[in-house]
Amino acid sequence: MSAKTKLPTGQEAIEVKGWLGAHRYLILRRLSQSFFLFLFLMGPWFGIWWVVGTLAGSRTFGVLPLTDPLVLMQGLAAGHWPELTAIIGALIVLAVYALIGGRVYCSWVCPINPVTDAAHWLHDKLGLQKGWQPKRSTRYWILGAVFAVSALTGTIAWEVVNPVTMVHRGLVFGMGFAWALVAAIFVFDLLVARRGWCGHLCPVGAFYGLLGSKSLLRVSAVDRAACDDCMDCFAVCPENQVISPALRGKPGETPLILSPDCTNCGRCIDVCSVDVFAFTHRFDNHVKTDEQVADKAA
Amino acid sequence: MSATSKPMSPQRRRFLTDTARMAGGCVVAGSALAYLVSDAKALPAEALRPPGALPEDDFLAACIRCGLCVRDCPYDTLSLAELGADGIATGTPFFTARDVPCEMCDDIPCVAACPTGALDPGLTNIDDAQMGTAVLVDQENCLNFLGLRCDVCYRVCPVIDEAITLELSHNDRSGHHAIFAPTVHADKCTGCGVCEKSCVLPEAAIKVLPVRLARGSSAEHYLKGWEEQDAKGAPVVEGIIDLPDRLPGPGTDNLAAPGGFEPAFKLPGAGQ
């Protein structure tokens, strides 16, 4: 093991690519999160009603309807057949995320992501143990339970507790007690389970993960031969189980990260000093050729 | 386990225990969620749903809590329930008549805005809305019932002289005035709440309540004899004998006891 593993995560990338280069996608992601929130806040704050509504359902420029497909499907499970507007809105959202990766919602749009990221940052700073780690499949079970409860009670069940839509709605319409949910998730991720909420429990992430399992946009370990095993990508990735199959794949195995858990956050690209990773599409499974030559030479 | 059967493979055993554990956890978490959901179904009486809202049970299956109806209401009547603040299913739209009543827009923009049909697009005439029913809940404080001429609820009613009428009766207290009792006709009342908003009392004497609280219901089998008789044009029961009515007071045909009732029975030996 080289001495580099002792460096703080991303230190080498900062030295090689500069601070900006090593935080490119993180900055873009924060801008994206702010942008989507700002779109919804322009109305209530400045009276510019380009976008009306919340993440659960909205109308852009008076014509484009968008609906959260998970919320709508709970309504379907509860026995309500919605009007066409909501169905069209859900189909548009489904199509977009099916294309660019479902969990892009998690890392680029969801208002809870900055909260869990902050909890993880503090967790690292305090050097805490990873704590209780429920299985990552727990979120699929919770997703199933959400649909079951919706069907049994005839209501949109998850919306009673869903912190994602509740916080977003709170920011746009007025918060009430929803701050407590934010605090609860922060404390849970900080003290109970590292990366606990988004990585193990949230059924919204599970739903969008399934939605994007065949998505076009993918991160690929294109230059995996250049990997110097510094482990920074594993340290920075919120779903680091997705990296190994791509990065450690044998020659001939795909360098694409195909797991539906990948949120396309791009932090692995940021943090890698030798630029192993890059965004590409799912049919581009080529590995850098000069490295293949180096492989053969080795 | 019999000696002949193979021992369960560790993977299979692990799969089964994991599955059982997850399923058990889901039952626990799901029950907690179901409890919260049923808890959220209790709608406070003063919280009224927007016009066209489906019955509460259907509404909670249909409303995605997007807030578009709230945004499109030109009078800022509607608000979204905040977690823990309003006692209403979080994120669903409601209004409180005493704060801001529904102004009954002709084009019903809240219904038009609803993407899911939680507010029924079948409601095209706002006069058909049934957000609740006004009830004159406190006759003892209502100024009109005290014999004064307040009339505010009656005059502000958007469906004046249909949803609320003033019913005239004798004022027994003064002996020579009238009482103009505001009277709600529930089949015409839309539950907009303008009357409740306008009531001059510190606490409104007329309130809009959910229909389930405001109204009783007539039993299916109960027939009103006079309506049946009108419809039939004859006595409801064939061959019934209509005996002469014995009315109190002078001028009746009660010959045995002019001006009053004949005693129901007579004591033997009591001389007439």
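Residues numbered from 1 in each chain as written. Chains lettered and ligands numbered in written order. Predicted model: local features only at pLDDT ≥ 70, side-chain atom pairs only at ≥ 80, totals over all residues. Heavy atoms only, no water.

1. A word on the interface of chain B and chain A
If you look at the interface, chain B gives 38 residues, while chain A gives 47 residues. Between chain B and chain A, a total of about 3,200 Å² is buried, with carbon and sulfur atoms accounting for 71% of that surface. When the buried surface of chain B facing chain A is broken down by residue, M22, R71 and L83 of chain B rank first, second and third, together holding 21% of it. Put simply, chain B and chain A have two salt bridges between them. The salt bridge involving R59 of chain A is made with D72 of chain B; its shortest N-O contact spans 3.1 Å. Counting every contact that joins chain B to chain A gives eleven residue pairs in polar contact (both at pLDDT 80 or more). (Contact = heavy atoms within 4.5 Å. Buried area = accessible area lost by both parts, 1.4 Å probe. Salt bridge = Lys/Arg side-chain N within 4 Å of Asp/Glu carboxyl O. Polar contact = N/O pair within 3.5 Å; in protein donor to acceptor, adjacent residues only side chain to side chain.)

2. Section: a negative patch on the surface
A surface patch of negative charge is lined by D106, D107, D127, D128, D161 and E162 of chain B. When you line up the elements, D128 of chain B lands in the loop between α4 (109-113) and β4 (133-136). (Patch = residues over 30% accessible without salt bridge, like charges linked within 9 Å, V, L, I, M, F, W, Y side chains within 5 Å. Areas by Shrake-Rupley, 256 points an atom, 1.4 Å probe, with all protein chains shown as cover. Lys, Arg positive; Asp, Glu negative; His and termini not counted. Charge placed at Lys NZ, Arg CZ, Asp CG, Glu CD. Helix = DSSP H or I, 4+ residues; strand = E, 2+ residues; numbered from the N terminus.)

3. Some remarks on the sheet that holds strand β2 (residues 79-80) of chain B
Residues and elements named next belong to chain B. Spatially, β1-β3-β2 is the arrangement adopted by the three strands of the open sheet, whose pairing is antiparallel. If you trace the sheet from one side to the other, it starts and ends with β1 (47-48) and β2, each paired once. One ladder, built from two bridges, connects β1 with strand β3 (residues 93-96); its direction is antiparallel. Its bridge partner being in β3, L48 is matched across the sheet by F95. (Pairing = 2+ DSSP bridges.)

4. A closer look at a nonpolar patch on the surface
Residue and element names in this part refer to chain A. On the surface, F38, W45, F46, I48, W50, F61, V63 and L64 cluster together into a nonpolar patch covering about 870 Å² of accessible area. Per-element tally for the nonpolar patch: the top contributor is helix α2 (residues 24-46), with three residues. Inspection of the secondary structure puts F46 in helix α2.

5. Comments concerning the domain arrangement of chain A
Residue and element names in this part refer to chain A. Split into domains, chain A comes out as domain 1 (3-23 + 216-297) and domain 2 (50-211). Placing the centre of domain 1 and that of domain 2 at their C-alpha centroids yields a distance of 28 Å. Each side of the interface is counted separately: domain 1 has 14 residues, and domain 2 has 17 residues. With both chains or domains summed, domain 1 and domain 2 bury close to 1,100 Å², and 42% of this area falls on carbon and sulfur atoms. Counting every contact that joins domain 1 to domain 2 gives four salt bridges. For R103, the salt bridge identified is with E239, shortest N-O distance 2.6 Å. (Domains from an automatic or database assignment.)

6. Describing the nonpolar core
Judged by nonpolar contacts, the single largest core of 107 residues is most densely connected at Y105 and F277 of chain A. The two domains that each donate at least three residues to this core are domain 1 (3-23 + 216-297) and domain 2 (50-211) of chain A. Setting aside residues up to four positions removed in sequence, F277 of chain A forms contacts with V219, S220, A221, C233, I243, L247, I257, C268, I269 and C272 of chain A. Counting ten residues, the second-largest nonpolar core is a separate cluster that includes V52, A86 and I156 of chain A together with C66 of chain B. (Core = buried A, V, L, I, M, F, W, Y, C linked by side-chain atoms within 4.5 Å. Buried < 20%, exposed > 50% of the residue type's maximum accessible area, 1.4 Å probe, protein only.)

7. Examining the state of the cysteines
As used here, a disulfide is simply a covalent bond connecting the sulfur atoms of two cysteines. Applying the stated criterion across every chain yields a total of zero disulfides over all chains. With no disulfide of its own, C230 of chain A lies 6.2 Å from the sulfur of C272 of chain A, the closest cysteine sulfur. Cysteine C157 of chain B remains unbridged, with the sulfur of C192 of chain B as its closest cysteine sulfur at 6.2 Å. Residue classification places C157 of chain B among the buried residues on the basis of a relative accessible area of 11%. (Disulfide = S-S within 2.5 Å.)

8. Here's the deal with the environment of S213 of chain A
Residues and elements named next belong to chain A. Mapping S213 onto the fold places it in the loop between α11 (203-211) and β4 (217-220). You can call S213 partly exposed: its relative accessible area is 23%. In this structure S213 touches R218, L258, P260 and R282, once residues within four positions along its chain are discounted. Within the local environment of S213, its side chain forms a polar contact with the backbone oxygen of L210, the two atoms lying 2.9 Å apart.

9. Quick notes on the confidence of the model for chain B
Scored by pLDDT, chain B has a mean of 87; 88% of the residues are at 70 or more. We note a pTM of 0.85 for the whole complex and an ipTM of 0.88 for its interfaces. (pLDDT = per-residue confidence, 0-100.)

10. With respect to unusual backbone geometry
The phi angle of most residues is negative, glycine excepted, and most peptide bonds adopt the trans form. Residue and element names in this part refer to chain A. For F61, which is not a glycine, the phi torsion comes out positive at approximately 50 degrees. Of note in the backbone geometry, D275 takes a positive phi value of approximately 50 degrees without being a glycine. Position of D275 relative to the elements: it lies in the loop between α14 (267-271) and β5 (278-281).

11. Observations concerning the UniProt feature "transmembrane region" (unreviewed entry) in chain A
Those residues carrying the UniProt feature "transmembrane region" (unreviewed entry) are residues 35-58, 78-100, 140-158 and 170-192 of chain A in this numbering. Across residues 170-192 of chain A one finds 83% helix and 0% strand; the C-alpha atoms that close the span lie 25 Å apart. (UniProt positions renumbered as here; feature names shortened; annotations may be inferred.)

12. Brief notes about the pairing of strand β5 (residues 164-171) of chain B
All names here are of chain B. Across eight bridges, the pairing between β5 and strand β6 (residues 177-184) is antiparallel. What sits directly across from H170, in β6, is A178. Where β5 folds back onto β6 in an antiparallel hairpin, the turn is made up of five residues, including G175, whose phi is positive at roughly 85 degrees.

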